[in-house]
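Structural overview for review
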Amino acid sequence: SAVISQKPSRDICQRGTSLTIQCQVDSQVTMMFWYRQQPGQSLTLIATANQGSEATYESGFVIDKFPISRPNLTFSTLTVSNMSPEDSSIYLCSVEDSAGETGGELFFGEGSRLTVL
Amino acid sequence: GENVEQHPSTLSVQEGDSAVIKCTYSDSASNYFPWYKQELGKRPQLIIDIRSNVGEKKDQRIAVTLNKTAKHFSLHITETQPEDSAVYFCAAPLSYNQGGKLIFGQGTELSVKP
């Protein structure tokens with residue numbers, strides 16, 4: 001299993017500001033995934049952070065709003081830019097346990113709970 | 001792309017009873033169906049998963065069944081206990097061969113009353 005550390009665990013932010021979330025994994029992984037969980041809602045994939053190439057974003061998410069860095073195989077950052085109250089969510093970093101088959105267990109970090117005022 | 005629907009949104013059972021949560025999916029090429037449990041304030045954690053080459057999988061009090069023809073899969077919890085109280089999410093790959101990229105169901109809040 002993978003151990004994933006996220007920082008910050010929570011923050012209160014002002015409208016119009018940006019915040020960067022850090023994700024550190026205890027092993028080298030090819031892909032890291034960023035999910036969003038709005039209050040009382042399900043999880044939605046924002047983007048996949050690939051080492052050595054640009055992140056790939058899912059429908060409804062754009063790089064200008066959620067820029068991602070992936071400087072090495074154990075670390076990634078997600079920035080939430082120009083925040084509005086609608087960005088208040090838990091942001092979760094995750095990695096896949098590659099079991100050799102298509103689809104493996106996703107391990108999640110503890111999440112970063114952002115509240116935008 | 002894939003779409004996943006989950007029912008019910010809330011489920012309340014008495015301790016010792018069984019609980020069943022159902023999900024449907026749209027992409028017939030999907031081949032991996034995990035279930036995650038999220039306790040209040042905690043991260044989601046995998047509790048069981050099933051691949052499309054089997055119809056049922058069990059792990060102690062938890063089982064998952066898959067009907068590929070009807071494109072639905074279900075989570076079964078027997079002899080429920082108060083510690084089973086949590087939100088449960090089903091999921092499927094967003095597209096074929098994209099294991100880490102999941103689309104999640106809307107979630108079911110299970111409450112087990114002592």
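Below: a short report on this structure.

Reading the values: the criteria
- Residues numbered from 1 in each chain as written.
- Chains lettered and ligands numbered in written order.
- Predicted model: local features only at pLDDT ≥ 70, side-chain atom pairs only at ≥ 80, totals over all residues.
- Heavy atoms only, no water.
- Helix = DSSP H or I, 4+ residues; strand = E, 2+ residues; numbered from the N terminus.
- Contact = heavy atoms within 4.5 Å.
- Buried area = accessible area lost by both parts, 1.4 Å probe.
- Salt bridge = Lys/Arg side-chain N within 4 Å of Asp/Glu carboxyl O.
- Buried < 20%, exposed > 50% of the residue type's maximum accessible area, 1.4 Å probe, protein only.
- Pairing = 2+ DSSP bridges.
- Axes fitted to C-alpha atoms, helices over the stretch in contact; angles between N-to-C directions.
- Disulfide = S-S within 2.5 Å.

**Notes on the environment of A:Ser112**
Its place among the elements puts A:Ser112 in strand S11 (residues 112-116). Considering only alpha carbons, one finds A:Ser112 and A:Thr79, 33 residues apart in sequence, at a separation of 12 Å.

**Some remarks on the interface of chain A and chain B**
Taken together, the 22 residues of chain A in the interface contact 19 residues of chain B. In this assembly, chain A packs against chain B so that about 1,800 Å² is buried in total across both faces, 53% of it on carbon and sulfur atoms. Linking chain A with chain B are one salt bridge. The salt bridge involving A:Glu110 is made with B:Arg43; its shortest N-O contact spans 2.8 Å.

**Quick notes on the pairing of strand S1 (residues 4-7) of chain B**
All names here are of chain B. Burial along S1 is one-sided: the residues Val4 and Gln6 are buried and none of Glu5 and His7 is. Both S1 and strand S3 (residues 19-25) contribute to a ladder of four bridges, which runs antiparallel. Bridge assignment links His7 to a residue of S3, and that residue is Lys22.

**Quick word on the sheet that holds strand S6 (residues 56-59) of chain B**
Residue and element names in this part refer to chain B. With antiparallel pairing, the five strands of this open sheet are ordered in space as S1-S3-S8-S7-S6. A single partner strand is all that each edge strand has here, and the edge strands are S1 and S6. Averaged over all adjacent pairs, the angle separating strand axes in this sheet is 15°, with direction ignored. When strand S7 (residues 62-67) meets strand S8 (residues 72-77), the two strands line up antiparallel, connected through six bridges. If you follow Ile62 over to S8, its bridge partner there is Ile77.

**What about the state of the cysteines?**
One pass over the full model with this rule turns up two disulfides over all chains. Linked covalently through their sulfurs, A:Cys23 and A:Cys93 form a disulfide whose S-S length is 1.9 Å. Linking A:Cys23 and A:Cys93, the disulfide has an S-S dihedral of approximately -70° and is accordingly described as left-handed. Of this pair, A:Cys23 sits in strand S3 (residues 19-25) while A:Cys93 is found in strand S9 (residues 89-96), placing the two residues 70 residues apart along the sequence. Across this residue pair, the class does not change: A:Cys23 and A:Cys93 are buried. The disulfide that involves B:Cys23 links it to B:Cys90, with 1.9 Å between the sulfurs. Judged by the sign of its S-S torsion, about -95°, the bond between B:Cys23 and B:Cys90 is left-handed.

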